[in-house]
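For reference, the chains in residue letters:
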Number of protein chains: 2
Amino acid sequence: MRIGELASRANVSTRALRYYEQQGILVSERTPSGQRVYPDSAVERVRLIQQFYAAGLSSRTIAMILPCVDTGHAQAEALERLRAERARIAAAVGELQEAGRKLDRVIELAEHPDPAYCPSLREQPAERQTASV
Amino acid sequence: MRIGELASRANVSTRALRYYEQQGILVSERTPSGQRVYPDSAVERVRLIQQFYAAGLSSRTIAMILPCVDTGHAQAEALERLRAERARIAAAVGELQEAGRKLDRVIELAEHPDPAYCPSLREQPAERQTASV
DNA sequence: CTAAAACTTGACGTCGACGTCAAGGGCAAG
DNA sequence: CTTGCCCTTGACGTCGACGTCAAGTTTTAG
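Thresholds, definitions, all that
- Residues numbered from 1 in each chain as written.
- Chains lettered and ligands numbered in written order.
- Predicted model: local features only at pLDDT ≥ 70, side-chain atom pairs only at ≥ 80, totals over all residues.
- Helix = DSSP H or I, 4+ residues; strand = E, 2+ residues; numbered from the N terminus.
- Buried ≥ 20, exposed ≤ 12 C-beta atoms within 10 Å, placed from the backbone.
- Expected span 1.5 Å × (residues − 1).
- Arc of directions from axis to C-beta.
- Contact = placed C-beta atoms within 7 Å.
- Near = placed C-beta within 6 Å.
- Nonpolar A, V, L, I, M, F, W, Y, C, P; charged D, E, K, R; others polar.
- Least-squares fit on C-alpha atoms with pLDDT ≥ 70 in both.
- Axes fitted to C-alpha atoms, helices over the stretch in contact; angles between N-to-C directions.
- Parallel < 35°, antiparallel > 145°, perpendicular 65-115°, else oblique.
- Left-handed = near helix turned anticlockwise from the far one by under 90°.
- Domains from an automatic or database assignment.

By the naming in an unreviewed UniProt entry, chain A goes by MerR family transcriptional regulator and is assigned to Streptomyces millisiae.

Structural data, given as structure tokens:
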């Protein structure tokens with residue numbers, strides 16, 4: 001398939017696909033006239049790339065680890081990077097979940113203007129002087 | 001405390017603190033000469049802001065929801081935004097975890113060059129022609 | 001008093017993953 | 001042949017959360 005079809009099938013822009021190629025994370029065949037041609041597997045490839053981007057990996061990092069995904073084995077440097085990114089992702093998950101819980105508390109409070117309804121407001125460690133006015 | 005101490009206690013730059021103030025998400029008293037003065041509670045405030053940034057919220061969004069965090073109640077628009085961000089965070093957690101699992105697989109494969117060791121390689125839906133060479 | 005450290009506002013720089021516009025080439029249908 | 005759509009490379013624009021430098025003021029230490 002050509003770039004337009006890949007773009008619509010993977011739900012990205014053609015600009016993004018050319019950018020991926022420029023970054024060395026997506027390869028393409030070329031027709032004699034120079035147009036890019038991709039195999040069907042490219043769709044899933046692009047989705048994987050998108051997922052890695054969404055996980056906070058940079059183009060450079062993705063370029064380093066994609067060969068490992070394919071071959072199943074990694075040089076020392078790549079393995080180090082893999083572990084580092086894995087750790088970063090785990091930490092990010094924790095941060096996100098904690099932020100999510102904080103938002104949950106605010107949402108719950110906002111949904112219940114009832115002054116008698118206090119989910120875990122009392123667990124707040126600071127501020128005793130709330131209702132002085 | 002002044003801006004430098006807050007910066008070191010909250011582990012951010014003074015530039016960031018001034019930027020937060022400019023975005024309306026961090027307030028400060030001023031000395032007669034114009035220097036910023038913060039209460040101790042500002043440290044935790046800044047950490048909360050940082051956590052929201054880390055969770056992918058923009059300055060604008062943080063500015064919208066911080067009052068809700070303080071007052072415990074939200075206008076319709078703010079509540080909508082709270083729920084939207086909460087949903088986005090939940091989705092992001094899922095994406096991150098899936099990316100993490102994919103990295104785990106690659107790491108596990110790379111750590112065991114043993115050809116007999118195949119953790120869940122066989123569960124891959126595609127590619128049967130692996131060991132032809 | 002004086003030098004150093006910390007503070008002020010203002011303004012330009014950065015970085016990455018693209019968006020967008022320009023100017024042209026390739027190709028099937030009528 | 002020409003219309004129209006898809007494709008090409010090149011190059012500049014964007015956006016957000018700051019970094020960084022400049023030039024001047026205030027506070028602190030000795």
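All right, on to the overall build of chain A then. A count of helices and strands for chain A gives five helices and two strands. Listing every helix and strand of chain A by position from the N terminus yields α-α-β-β-α-α-α. Each of the 133 residues in chain A was classed as buried or not, and the buried ones make up 23%.

So, on to helix α3 (residues 41–54) of chain B. All names here are of chain B. Here α3 is 14 residues long and its end C-alpha atoms lie 20 Å apart, about the 20 Å a rise of 1.5 Å per residue gives. Those residues of α3 lying buried are Ala 42, Arg 45, Val 46, Ile 49 and Phe 52. Down the axis of α3, the buried side of the element spans an arc of 120 degrees, and every buried residue falls inside it. Two residues or fewer after α3 comes Gly 56, characterised by a positive phi angle close to 95 degrees.

Here the focus is the interface of chain B and chain A. Chain B puts 32 residues into the contact, and the matching count from chain A is 32 residues. Among the secondary structure elements, those contributing two or more residues to the side of chain B that touches chain A are α3, α4 (59–71) and α5 (76–111) of chain B. It is α5(B) that provides the largest number of residues to the side of chain B that touches chain A, a total of 21 residues.

What follows is about the protein's contact with DNA strand C. Near DNA strand C you find 18 residues, and of these A:Ser13, A:Ala16, B:Arg2, B:Gly4 and B:Arg36 are the closest. Elements with a contribution of two residues or more to the surface near DNA strand C: α2 (14–22) of chain A together with α1 (3–10) and α2 (14–22) of chain B. Of the residues assigned to the surface near DNA strand C, the class counts are four nonpolar, nine polar and five charged.

A separate point is the protein's contact with DNA strand D. Contacts to DNA strand D come from 19 residues, most closely from A:Arg2, A:Gly4, A:Arg36, B:Ser13 and B:Ala16. Listed by contribution, the elements that provide at least two residues to the surface near DNA strand D are α1 (3–10) and α2 of chain A together with α2 of chain B.

The next thing to look at is the relation of the copies chain B and chain A. Between chain B and chain A, the superposition needs a rotation of 180 degrees and an axial shift of 0.0 Å, giving an RMSD of 0.1 Å. Considering both components of the superposition, the chain copies are consistent with a two-fold axis. When each C-alpha of chain B is compared by its distance to the rotation axis, B:Val93 comes out closest, at 2.9 Å. By residue overlap, the copies meet face to face through one surface: 100% of the interface positions of chain B are interface positions in chain A.

Between helix α3 (residues 41–54) of chain A and α5(B), the shortest axis-to-axis distance is 9 Å and the interhelical angle comes to 115 degrees. Relative to α5(B), α3(A) is oriented roughly perpendicular. Handedness of the crossing formed by α3(A) with α5(B): left-handed. Contacts from A:Gln51, A:Phe52 and A:Ala54 of α3(A) reach α5(B) at B:Glu95, B:Glu98 and B:Ala99. For the contact of α3(A) with α5(B), the class distribution of residues is three nonpolar, one polar and two charged.

Time to look at the domain arrangement of chain A. Residue and element names in this part refer to chain A. Each domain of chain A was delimited in the assignment, giving domain 1 (1–73) and domain 2 (74–117). Here the C-alpha centre of domain 2 lies 28 Å away from the C-alpha centre of domain 1. Domain 1 puts eight residues into the contact, and the matching count from domain 2 is eight residues.

Our next topic: the packing of α1(B) against α3(B). How two helices pack is summed up by the angle between their axes together with the distance between the axes. Residue and element names in this part refer to chain B. Two numbers describe how α1 lies on α3: the axes approach to 9 Å, and their chain directions differ by 55 degrees. Classified by the interaxial angle, the pair formed by α1 and α3 is oblique. Crossing of α1 over α3 shows right-handed handedness. Residue-level inspection shows Leu 6, Arg 9 and Ala 10 of α1 in contact with α3, the latter providing Ala 42, Val 43, Val 46 and Arg 47. Of the residues in the contact of α1 with α3, the class split is five nonpolar, no polar and two charged.

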